[in-house]
There are 2 protein chains.
Amino acid sequence: MLDIKHLMDEVNSTGGLYLYKKIGRLNNQVISVVQVADRTLDFHVHEQSDEMFCVLEGAFCLETDEGLLPIKAGEFVIVPKGTRHRPVVKELTKFLMVEMDGTLNKENSGDLYED
Amino acid sequence: MLDIKHLMDEVNSTGGLYLYKKIGRLNNQVISVVQVADRTLDFHVHEQSDEMFCVLEGAFCLETDEGLLPIKAGEFVIVPKGTRHRPVVKELTKFLMVEMDGTLNKENSGDLYED
């Protein structure tokens, strides 16, 4: 049976801030949603996986060696593997994320990623 | 330089109905947008790739051997590889799609897919 999910319902039911919820898998990619506010992660690199950040609600900055890149609701960015980056989040922001399965862990996701 | 794109701007600038626009690639997946109306594709199977349909605006039915599954704006469904399916689209519907690179072609996309 195919499973239909509503993106906003999914991100609104994660159970709180910083709690990643996996909402789908396809072709060895994990699709997840998370709510974040007032958090700047440490710089990190995903050596094996590109990473997509899509903003469902709110706005944040993606910081790379090129500087701060503002990304607002309805927009997305793909960070190529090997790119040093970190999200800088002030206001409450709701994300849709896509990465290769196994990419996110407690070290690069703010200690709250459940595998 | 990282590229920021706005999903609705992308799907609104495809140039017309049935014209797939590739808006990103990550981990051997292609992210594309397309506007469709009044079109029922032939049943087909992607043997190698799962396929994600996300509705940005409008609504459609995904038909499989289990029947018709209505999917509306803000919702998504992932069709596992090997699943016989076809989209049944009546009203104008704007899609975000994710598949493995090389999955879509003229035979399974209504003759208008540009590689």
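Let me sum up the structure you'll find in this document. Quick caveat: nothing in here was measured; it's all calculated off a predicted structure. (Residues numbered from 1 in each chain as written. Chains lettered and ligands numbered in written order. Predicted model: local features only at pLDDT ≥ 70, side-chain atom pairs only at ≥ 80, totals over all residues. Heavy atoms only, no water.)

1. Focus: the overall build of chain A
Okay, so step 1: The number of helices and strands found in chain A is one helix and ten strands.
Okay, so step 2: Along chain A, helices and strands appear, N-terminal first, in the series β-α-β-β-β-β-β-β-β-β-β.
Okay, so step 3: Since a compact globule built from 115 residues should have a radius of gyration of about 13 Å, the 13 Å found for chain A is in line with a globular shape.
Okay, so step 4: For the C-alpha atoms alone, the extent of chain A along its principal axes is close to 45 × 30 × 25 Å.
Okay, so step 5: Among the 115 residues that make up chain A, the fraction classed as buried is 51%.
Okay, so step 6: Partitioning the contacts of chain A with sequence separation of at least 6, the portion at a separation of at least 24 is 65%.
Okay, so step 7: A total of about 5,300 Å² of accessible surface is found on chain A, and carbon and sulfur atoms cover 48% of it.
Okay, so step 8: Distance between charge centroids for chain A: 2 Å, based on 12 positive and 20 negative side chains. (Helix = DSSP H or I, 4+ residues; strand = E, 2+ residues; numbered from the N terminus. Rg over C-alpha atoms; globule rule 2.2 N^0.38 Å. Buried < 20%, exposed > 50% of the residue type's maximum accessible area, 1.4 Å probe, protein only. Contact = heavy atoms within 4.5 Å. Areas by Shrake-Rupley, 256 points an atom, 1.4 Å probe, with all protein chains shown as cover. Lys, Arg positive; Asp, Glu negative; His and termini not counted. Charge placed at Lys NZ, Arg CZ, Asp CG, Glu CD.)

2. Section: empty space enclosed by the protein
Okay, so step 1: Scanning the entire structure with this criterion turns up four cavities of 30 Å³ or more.
Okay, so step 2: The volume enclosed by the largest cavity comes to roughly 180 Å³.
Okay, so step 3: If you trace the largest cavity, you find 19 residues lining it, with B:Tyr20, B:Val36, B:Leu41, B:Phe53 and B:Pro87 closest to the centre.
Okay, so step 4: Only strand 3 (29-36), strand 5 (51-57), strand 9 (85-89) and strand 10 (93-100) of chain B provide two or more residues apiece to the lining of the largest cavity.
Okay, so step 5: Residue classes in the lining of the largest cavity are distributed as eleven nonpolar, six polar and two charged.
Okay, so step 6: Looking at the second largest cavity, its volume works out to about 150 Å³.
Okay, so step 7: Counting residues per element, the ones that place at least two in the lining of the second largest cavity are strand 3 (29-36), strand 5 (51-57), strand 9 (85-89) and strand 10 (93-100) of chain A.
Okay, so step 8: Partitioning the lining of the second largest cavity into residue classes produces eleven nonpolar, three polar and two charged. (1 Å grid on protein atoms, 1.4 Å probe; cavity = no way out; pocket = protein on both sides within 12 Å on 5 of 7 lines; lining within 4 Å. Points joined across faces, edges and corners; volume = space filled by probe spheres on them. Nonpolar A, V, L, I, M, F, W, Y, C, P; charged D, E, K, R; others polar.)

3. Quick notes on the relation of the copies chain B and chain A
Okay, so step 1: The two copies are related by a screw operation: chain B maps onto chain A through 180 degrees of rotation and 0.0 Å of translation along the axis, at an RMSD of 0.0 Å. Such a combination of turn and shift is consistent with a two-fold rotation axis. (Least-squares fit on C-alpha atoms with pLDDT ≥ 70 in both.)

4. Topic: the side chain of A:Gln29
Okay, so step 1: Along the chain, the position of A:Gln29 falls in strand 3.
Okay, so step 2: Within the local environment of A:Gln29, its side chain forms a polar contact with the backbone nitrogen of A:Met100, the two atoms lying 3.5 Å apart.
Okay, so step 3: Among residues more than four places away in sequence, those in contact with A:Gln29 are A:Gly24, A:Val98, A:Glu99, A:Met100, A:Asp101, B:Asn27 and B:Gln29. (Polar contact = N/O pair within 3.5 Å; in protein donor to acceptor, adjacent residues only side chain to side chain.)

5. Focus on the pattern of salt bridges
Okay, so step 1: For the coordinates displayed, the defined rule picks out 14 salt bridges over all chains.
Okay, so step 2: A salt bridge links A:Lys5 to A:Asp3; its shortest N-O distance comes to 3.8 Å.
Okay, so step 3: Note that B:Glu57 and B:Lys94 form a salt bridge whose closest N and O atoms lie 3.5 Å from each other. In this pair, B:Glu57 is assigned in strand 5 and B:Lys94 in strand 10, connecting sequence segments 37 residues apart.
Okay, so step 4: Owing to a relative accessible area of 36%, B:Glu57 belongs among the partly exposed residues under this scheme. (Salt bridge = Lys/Arg side-chain N within 4 Å of Asp/Glu carboxyl O.)

Read these as spatial facts, not as claims about activity.
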